[in-house]
Every structure is written in structure tokens, then in C-alpha cells.
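# Residue-level structural notes
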Amino acid sequence: MNGRHPPKSDENPIVREDLRTGLTAEAIKNDILENLVYVQARIPKIATRNDWYMALAYTVRDRLLERWGMAIESLQQSSRAVCYLSAEFLPGPHLGNAILNLGMYEQTKEATARLGLDLDALISHEGEPGLGNGELGRLAACFLDSLATLEIPTIGYGIRYEFGIFDQEIHDGWQREVTDKWLAFGNPWEIVRPEIAYYVPLGGYTETYYDRLGRFRVRWVPERVVKGIAHDTPIPGYHVENVALLRLWKSEACESFDFQAFNEGDYYGAVEDKVASETISKVLYPNDEPIPGKELRLSQQFFFVSCSLQDMIRVHRLGGGVPATFDRRYAVQLNDTHPAIAVAELMRLLVDKQRIDWERAWEITRNTFSYTNHTLLPEALEKWPLPLFRKVLPRHLEIIFEINRRFLEDVRLTYPGDSERLRRLSLIEEADDRYVRMANLAAVGSHAINGVAALHTDLLKETVMRDFYELYPERFLNVTNGVSPRRWMLLCNPGMSGLITDAVGENWVCNSQDSIAGLESFADDGAFREAWRKVKQGNKMELARHISERTGIVVNPESLFDIQVKRIHEYKRQHLNALHIISLYIRLKRTPSLDVPPRTVIFGGKAAPGYARAKLIIKFINSIADVVNIDPDVADRLKVVFFPDFNVKNGQLIYPAADLSEQISTAGKEASGTGNMKFSLNGALTIGTLDGANVEIREAVGPENFLVFGLTAREVTDLKMRGYRPWESYEQNEELREIIDLVRSGFFSRGDRDLFEPLVNELLSRDEYCLLADYPSYLEAQEKAGKAYLVQGQWLRMSILNVARMGGFSSDRSIREYLDHIWKVDSLKASGSRGNGRP
Ligand code: B1H
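Right, let's talk about the environment of Trp174 for a bit. Relative to the helices and strands, Trp174 is located in strand β4 (residues 174–178). For Trp174, a count of 13 C-beta atoms within 10 Å translates into the label partly exposed. In this structure the C-alpha to C-alpha distance between Trp174 and Leu616, which are 442 residues apart in sequence, comes to 7.6 Å.

Shown next, in the form of C-alpha cells:
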């Protein structure tokens, strides 16, 4: 247990300072009461569950803030800090995680019990900040957890969206989007810092002038200026004193009121600017694909990047630093291209504001930044139409032109006469319309560029960034993603974690790879297997309870829980999974004696509101469920569930209950995946393609403990080159034909033959994501999974081996790689060698 405050025995009287820092049950209890009355303004007699939750949250926060003070100090003392710039963070509910990381669960349980409260109920009362779309934002949150735990001075910078990702409801099988109101009851975890605020200019034009020394200069005359205000959330490390700082920016008008307009009687005109300014941090774009040409999105990106860089400069100054040593002070990671404008903004701040000469500023900039690419989907490479870019950021466009001019000059020297290459490398796309290419900007402005899984990095070097790889091979490296074993094992699966700790000791929580491998020797231990089975069974019963509560569907917890949760997207192929369900349904009806285990197929995930085909896939799944779930012929043998509103909180319930994890994207499309890791770390077997991190997971757990199927990335490319004719699969595969004909007949749509036509049509005519090509091998792998599940002992063995061999997928390992190969930042632990800052 951590704490410079050893728990005092409960008989000791509570002294004042213990109230807010003490870790005895009595101190915690008293602080809860104090916070209930003096912060939440309630008396126990009429307090609601939310009041108690808030009081408890403040109590835990008190203990976090104490560490916070020290973290800020070390941040100022350390010579180099990590700044993680991300448009998305998905931290999930804070309370349970904070209690766990602070090592105060038992005492808090006792404290709440003394007040007649149920701790677990208070923990599950909490909602979550949905400030991200999916894995990209969740990865950022796991990284903060690991950075805090490894005691690295860290700031995560992002946007405090008032409305995060929408809540999903299902009505008549269709997705309905409901506004996320995560701030409705207040947010006990954040601290508003009105005094930490920056001005962010937008729009307008640039002009040249001579300064007092007679030098020729450029200045930006913006059309408007908004203010960004810091909102801080402490992110605790596990059993250490350190916390990471999550600093999110909220936009406000500079003057919340235009008094002149008001005095002239124009009340609406007076608040207009306020409204427009506040719009910037109002809402997260709910896309996990590109958002073309949205001015507000570009403003959001620039807004948070500018506030963050100004903040870094201020903090650096406070510590006595000068702008010329900025790069020794900070390693700044660009989480995809969403913050890539930072390259031009830092140049502007250094050159225009700090008066550093261009060459030196460029050196500082490149030493500072590194860039992570998260997708190869060609349509997902961010580019901004030039007119729009000029309208929002006229000065940055000039700076980008200048970066580009110098860059292309170098390229010309390296590849004389190769104008095609020049065209491809340019920061400006010159087609009929002109665009700013954000990935190219990030690549030239960074000293390191990484992909998020081995296959992804290879493909990155071969395809979308090939020219950059040839030009700067030394900048490229792979850092395979990872997930936090704290949230994704210890917190969400206490039963399994307890078994692991009993077996190998508690070191695995922070040092997964070496320690957890010790679990291997228990894979053949009958008693251990039985305990393992019981835990999984308990987790499945818990999920079954929630399924029945939220959908009314009663599922059999003894059945094989076959789960696919992730954003709904054609490349992720939830509809391939659906085709398998139909096949199983037909087979079971035709052959009641079929020797397969009962199965419950569970889906979860949101579709982008504007992505019609993804929304139709949700309807398709629910329509199949409607037919299958009431058919007495397959009762107890097959159930289909769409679990609404998949988010971090629901994920914590779902991953631990899975037997089989569906990771079935078209090879070459899923950059990494991290859900795949969460499932396997919770003892599920994977059925998956050789895509993203699946490849490495399979190598780690052993091919005999992984159900692989489908074309490889190369085979997909070859097939397309040769000319893929999906209708031939339909013609040649009798079962596939039967399934598709059944869908077309309106069997799952109450006779409506048109409803699913857009899906079927795409599959038969184009099948961009090669579902039909992979169908036969997918079915074979599914059959194998069913058979394997029937031999319970063997299945348990494989489940244990999966967990034992997955230690390398801890985000601690990812972060160590970033630290060693990219950031060159030292842990505060090694205080002797603290920060030798080697940019
Ligand atoms: C990933 C995104 C993404 N890649 C644009 N790209 C967005 C792109 O709102 N937008 O504009 C939002 C998100 N997200 C994911 O990153 C990959 O698909 C996963 O395979 C990967 O595991 C994850 C983290 O690296």
C-alpha cells in the first residue's frame, strides 16, 4: 500500500489534517460526512445516492489533490516532461479506478458500510466523460494511467467537450442518438482554473510591417479571439505518489458580454460573440472516420493546440526556461493528425512571438514533436481545403507554405528531377482543388513517426507514408498499443485478478510481462482450472443480469459467450458475424441433433450518425435477434443480443464475461485494435484475422490458442488487383446463397424485401471488405471454436494460457518503448539521474 501516511488505528482520534488525507476507515468516513455537508450541501437524512456519490468522490479527490501538489512540483523540477496532445480522451468512470490506484478500497468499503452505504453501488452510480469516439481516445487514457504509474511527469492536453460522444438507444432495432449530458450533475473530478487561460486568435488576415528596430515582420490581425480556460483532472498512478495531469480546454468569449452593443439596445448582438466562442468546445464530432471540410473542427483542433503550447511556454518560463530550450523541456506526442497544426503553431509562437530565427525554431520544433499514425484508410487522411484553411488560419497557411518551400528544396536535391515524388511529398495537394495535408505536416515536423502495431507500421512504410519512409527511414518505428492492466483486469475483473495474484503474487499489476508468465504452470492444474471456470461463470452471470435488465433478453450463462464490441464499421465486419449467426440458425433448425454448444452472440458499438450502412448493420443484427430469440426450435441453443450504448463502463462489464472475442476486420484495415487485447487479458479466446495487433497476439499466445481465419493483408491486395468478383462466392457456395436469399426474401424484416438491400447489394456487387471471400474460412474457424468449447478442460487451459502470455500488451510496455525510443524522458523514480533531457 502506498501513502506517506501509514493508516492509523481506527481508535485514534481524527486530527484535522487526517480528515482530507487519512486512509483509515474512520478518517474516510468523517471526510465523506464533511463533504456531504460542506461541499454537497446536504444532510445525511435527505441525501440521495447522487449526494453520497459526490461526497465520496470529493473524499477520494482530497487524497488525489494532495499528490497533485507534489506532481506539479516534480513537473516543474523535472527537466523533460511528456505532453500528450489528443483531441480525444476516454478515461471512463474515475471513482473505482482512483480508489483502486490509491490503495484504499478496503478502508473505503468499511467507511461506507459504517454509513450504511454500499460502496459498489456508489461506484456503479458514476457515469463517464465520453470525450472520445473509441480506441484512439481510450488509448490516450490508458497511456496516462501508465505514465502516472511509471512516475513520468506528464500532461495530457485536450478539449473539454460539453457534449461528448452521444448516448445510444435502440428503438425498434434502430440506433437513436441521445445527447450526452455528462456534466448535468457537475463533475467532482475536475478543477476549473480561470486564472490559467489563453487567448486564441482565429480568422482575419496578415499584414507586413517594420518593427521598432526596422526589421521586416508579419503580423496576424485576427477576426476574433476566443479564450481557453484550463480544466484539470488528476489521473492517479497505481500505488505511487505520482499523478498525471489531464488538462482540458474550454472555450469562452474574451468578454462574456459586448457592453457597447448592449447599451445600444442590441441584446442579441451582445451575446452573439459569447455563443460563437463557446461553440468551439461544445461538442465532439462523433466520427471515427474523417470529417471533411468542417470549419468548426479545424477551429477546435487549433484552439486546443494553441492553448496547450502557450501553456507549455508559460510553465517553462516559470521554471526559468527560455524559448530556445523548449525542446529540452518537452516531448510532445501528436495523437494522430488531429493536433498536427501544432507544428505550424509552435513555429508561429517561436518566430512571430518569441523572435527566434526560422532555422533555430524549426530545429526546436522537430526535436519537440513526434507523431503517431492510427489509420491507413485512405479516406481518413486529414486534409483541409485551402480556402477554408486560409479563412481560419491565414498566418499558419503562410508558415506552412514556407515550411513546404524549404522542405521541397531539400527533396529536390535528394531526388533531382523526380517531380512526381515532389508532388506526393508536398504539404499541399495540388489537384483540381488544393488541400493542406496534415499527415505530411506532422511527418516533416516530427523527429519520430510510429504506427501502432507491427503489421500497421509495415504497411504504413509501404503505402501511405512510403515516400516519407524512403526520405527519412530513421524516423520510423513501431510501438504496438497496449492497455492498462489496472482498469482492464484488476478493476473490471477482481475475481480473475485475485486468482492471478494468488498464483504469481501481486507484481503482475505493474510488471505484467515477467510476472504473469508464471501463470502458465497453472494451466494444467485441475483445481486452478475449476476456480478459473467459476470466476468466468460469475462474470457471465453478472453480464446476463445486465442484458436482461437492459434488453429484456434472457440468456443462458452456461452458453458460449461470443462477443463483438467496437464501433460499427463495414471494415470491422459485424455483418460477417451476423452471416455466421444465420448459418448456425439454419443448421440448428435443420439438424436439431447438431453437436454444438449453446451460444449467445453479443454485439455492442455505436455507428457514426451519418453512416447509413453502419446504422443498417445495427438494424440487421437486431432483426436477426428478433427472429432467432423467439424461435422455440433453437431456444436455449442460440441467442442474439445487441447491448446498447457500448462505452468504457459497459466494457468493464463485458470483457470479463467473454469466452470468444470477435476480431474479424478485413486484413490490413484495423491499425491495431485494443479491444482484442482486453478480451484476451480477461481469458477469452480470439477468433480473428491476421490484422493489426491480432498478429502479435497470436504469436504471443501461440497459434494453437488462437482461432485464425481469412485472407492476409497481402492476399486482400492481390485479390483486388486480380479483380475480385464476390458474386462468384455467392454462386459457388450453397450455404452462403441460402443465407443471402433468406435475407433478401424479407425473412428477417417482416416481409420487407428492400430493407437490407443496400447491405446485400454491396456484398454481391463490390464487397469492398471481402466478407464473401472470407466467409468459408470464418465458418470453419467458428466450427472449430464450438467444438473446442465442448471440451471444457482444454478450453480452460487455453483461456489461462492466453492470460499468462499476454503480459506484453500492457500499456506500461508501450509507454516504456515511447520513453526509450522517442521521448527520452526519465522517470521521477530515478531521481538521481532525473531528467538529463536529451532531445
Ligand atoms: C483509430 C481513428 C480516428 N484510427 C478519426 N483512427 C477520428 C480517426 O473523429 N475522428 O476524426 C477519430 C478516430 N481511430 C483507431 O486507433 C484504430 O482504428 C484502432 O485500430 C487503434 O487500435 C486505435 C488506437 O491506436
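This part covers the sheet that holds strand β22 (residues 707–708). In spatial order, the strands read β19-β18-β17-β20-β21-β22; together these 6 strands make up an open sheet with parallel pairing. The strands lining the two open edges of the sheet, one partner per strand, are β19 (638–642) and β22.

Phi at Ala41 is positive, roughly 60°, even though this residue is not glycine. Structurally, Ala41 can be placed in the loop between α2 (25–38) and α3 (49–77). Assessed through the 9 C-beta atoms surrounding it within 10 Å, Ala41 is described here as exposed. Unusually for a residue other than glycine, Arg355 sits at a positive phi of about 60°. Mapping Arg355 onto the fold places it in the loop between α12 (342–353) and α13 (358–368).

Attention now goes to the sheet that holds strand β5 (residues 191–202). One open sheet holds the 9 strands; their spatial order is β5-β8-β9-β2-β1-β10-β11-β15-β16, and the pairing between them is mixed. The open sheet has two edge strands, β5 and β16 (476–478), and neither has a second partner. The average angle at which neighbouring strand axes cross in this sheet is 25°, direction not considered. Bridge count for β5 against strand β8 (residues 224–236) is 9 bridges, and the pairing is antiparallel. In the strand pairing of β8, Arg193 is matched with Ala230. Taken strand by strand, helix α18 (residues 454–462) contacts β15 (448–451) and β16, and its axis lies near 125° from that of β15.

The rules behind each value
Residues numbered from 1 in each chain as written. Predicted model: local features only at pLDDT ≥ 70, side-chain atom pairs only at ≥ 80, totals over all residues. Helix = DSSP H or I, 4+ residues; strand = E, 2+ residues; numbered from the N terminus. Buried ≥ 20, exposed ≤ 12 C-beta atoms within 10 Å, placed from the backbone. Pairing = 2+ DSSP bridges. Axes fitted to C-alpha atoms, helices over the stretch in contact; angles between N-to-C directions. Contact = placed C-beta atoms within 7 Å.

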